[in-house]
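A structural walkthrough
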Amino acid sequence: MNRNIINILWALLILQMTACSADEEQKSGIANGKDRIIRFTASVSAPVYSKEGFTRAWADEYNDRLPINATIFVYLYAYNDAESPALNVATDQFGNSITRFTYATQSEVDVASGRSPLAQTYPTVSDISSNDPEDALPKFPASLSNDGYVEAVAIFLPEDANANMSGETLTFTAPADQTTQASVIKADLLTNEVSSTSKTSTAAINLDMRHRMCKVLVQFTPTEGLTQENMPNFTYLVENVKTELSVSLPSGTVTTTGSTGNVNAMVGEPFFIAPQTIAAGTELLKFNLRNIGGTATGIKNVTLKPTTNLEFREGVYYVLNVSVGVRYINLTTTIKDWTGETIIFDKKLL
């Protein structure tokens, strides 16, 4: 065989081997999460509303989207498999002083997808003493196996919300006084259903934020000779309810915690409580009826106790219809996720 032809064949073989080696190295780099940045978008799952739909009330600030510049705390945990212990990505990447990443929603929500773009606000280059902004972005840990994955736990806290972190548990408490727009807004906690991404995925993780509290509206309706002027027109008391939630990391599990207390609510405006079951016979509402002409209190401290258990579930909007008469109080509850079923409680003597 001609020596020139042999040389050409050898050159082609070496070129092919080099190309394969480079290709394998590139694939290996992707598989190992080499310099692979974890990116996010965010959306809000609208809660289940009553037949009345969107009320456009104080409690509707975060109905189905987050406003621009809303802050989301993101905790990332890496796992080699389902049995391996969780590895905090931020701590692994930056040291024990940094345990989470913080993002802010950018621009308007995308109408087609319902998602908001996010920009990282913590840590920054100044927090990690780096000159390269990419060094502050979350990346897959080098110790993660090829079959490993990362889970994201995201928490949205309204401005000035009552929340504190102890160890790996965040405790959120809704205000006891929800008679102003500001206090109602900061009672709405959102967290995501835990999202995950594999080392080989290049797609952004969408943080689908869900309402974890229960939204409740009490409507007072006159009957048996009473008129609207006799109904409460300012505030009323919601008694023996829980308003505290705990978010456990790294699982993202949300649990109703704390003891029962009272919520002061405004007539005509929804309020928030934690998911819970009100046992039959528990005093739930206390309010005052007004005199003829509505100029003063007619009957003080009228109470209502449901005669069967009343269940409140997260992400559901409940409308409690209280019909108040001279002799009886009748309570009906309407919620959409029970296919519009109306639950009628036994009449209670006033």
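Just so it is clear, the model here is predicted, and its values are computed rather than measured.

What counts as what
Residues numbered from 1 in each chain as written. Predicted model: local features only at pLDDT ≥ 70, side-chain atom pairs only at ≥ 80, totals over all residues. Heavy atoms only, no water. Salt bridge = Lys/Arg side-chain N within 4 Å of Asp/Glu carboxyl O. Helix = DSSP H or I, 4+ residues; strand = E, 2+ residues; numbered from the N terminus. Buried < 20%, exposed > 50% of the residue type's maximum accessible area, 1.4 Å probe, protein only. pLDDT = per-residue confidence, 0-100. Contact = heavy atoms within 4.5 Å. Lys, Arg positive; Asp, Glu negative; His and termini not counted.

**Describing the pattern of salt bridges**
Applying the stated criterion across every chain yields a total of 8 salt bridges. Notably, a salt bridge pairs Asp-60 with Lys-215, separated by 2.2 Å at the nearest N-O pair. Residue Asp-60 is located in the loop between β1 (40–45) and β2 (71–79), and its partner Lys-215 is located in strand β13 (residues 214–222); the two are separated by 155 residues in the primary sequence. Each member of the pair, Asp-60 as well as Lys-215, carries the same accessibility label: buried. A salt bridge links Arg-65 to Asp-64; the nearest nitrogen and oxygen atoms lie 3.7 Å apart. Given a relative accessible area of 32%, Asp-64 falls into the partly exposed group. Connected via shared salt-bridge partners are Glu-193, Asp-208, Arg-210, Arg-212 and Glu-314.

**A closer look at unusual backbone geometry**
Each neighbour pair has its own omega, and for Tyr-122 with Pro-123 the value is -5°, a cis peptide bond. Within the element layout of this structure, Pro-123 appears in the loop between β5 (115–122) and α3 (125–128). For the peptide bond that leads from Leu-249 to Pro-250, omega is 5°, which places it in the cis range. Position of Pro-250 among the secondary structure elements: in the loop between β15 (244–248) and β16 (253–257). A positive phi angle, close to 70°, is found at Asn-69, a residue other than glycine. Tracing the sequence through the fold places Asn-69 in the loop between β1 and β2. Positioned with a positive phi, Asn-240 is a non-glycine residue whose angle comes to about 60°. Positionally, Asn-240 belongs in strand β14 (residues 235–241).

**Re the confidence of the model for the protein chain**
Fine structural detail should not be taken from predicted coordinates in areas where pLDDT scores are low. Mean pLDDT over the protein chain works out to 83, with 82% of the residues at or above the 70 mark. Counted against residues more than four places away or in other chains, residues 3–34, with its pLDDT under 50, gives 11 contacts. In the predicted structure, residues 335–350 sits below a pLDDT of 50 and forms 53 contacts with residues beyond four places in sequence or in another chain.

**Concerning the side chain of Asp-188**
Within the secondary structure layout, Asp-188 lies in the loop between α4 (181–185) and β10 (190–192). Buried charge without a partner: Asp-188 forms no salt bridge, and the closest opposite charge is Lys-215, 7.5 Å away.

**Side note on the environment of Leu-226**
Here Leu-226 is to be found in the loop between β13 and β14. Of the residues examined, Leu-226 reaches a relative accessible area of 21% and is grouped as partly exposed. C-alpha separation for the pair Leu-226 and Leu-289, spaced 63 residues apart in sequence, amounts to 9.8 Å.

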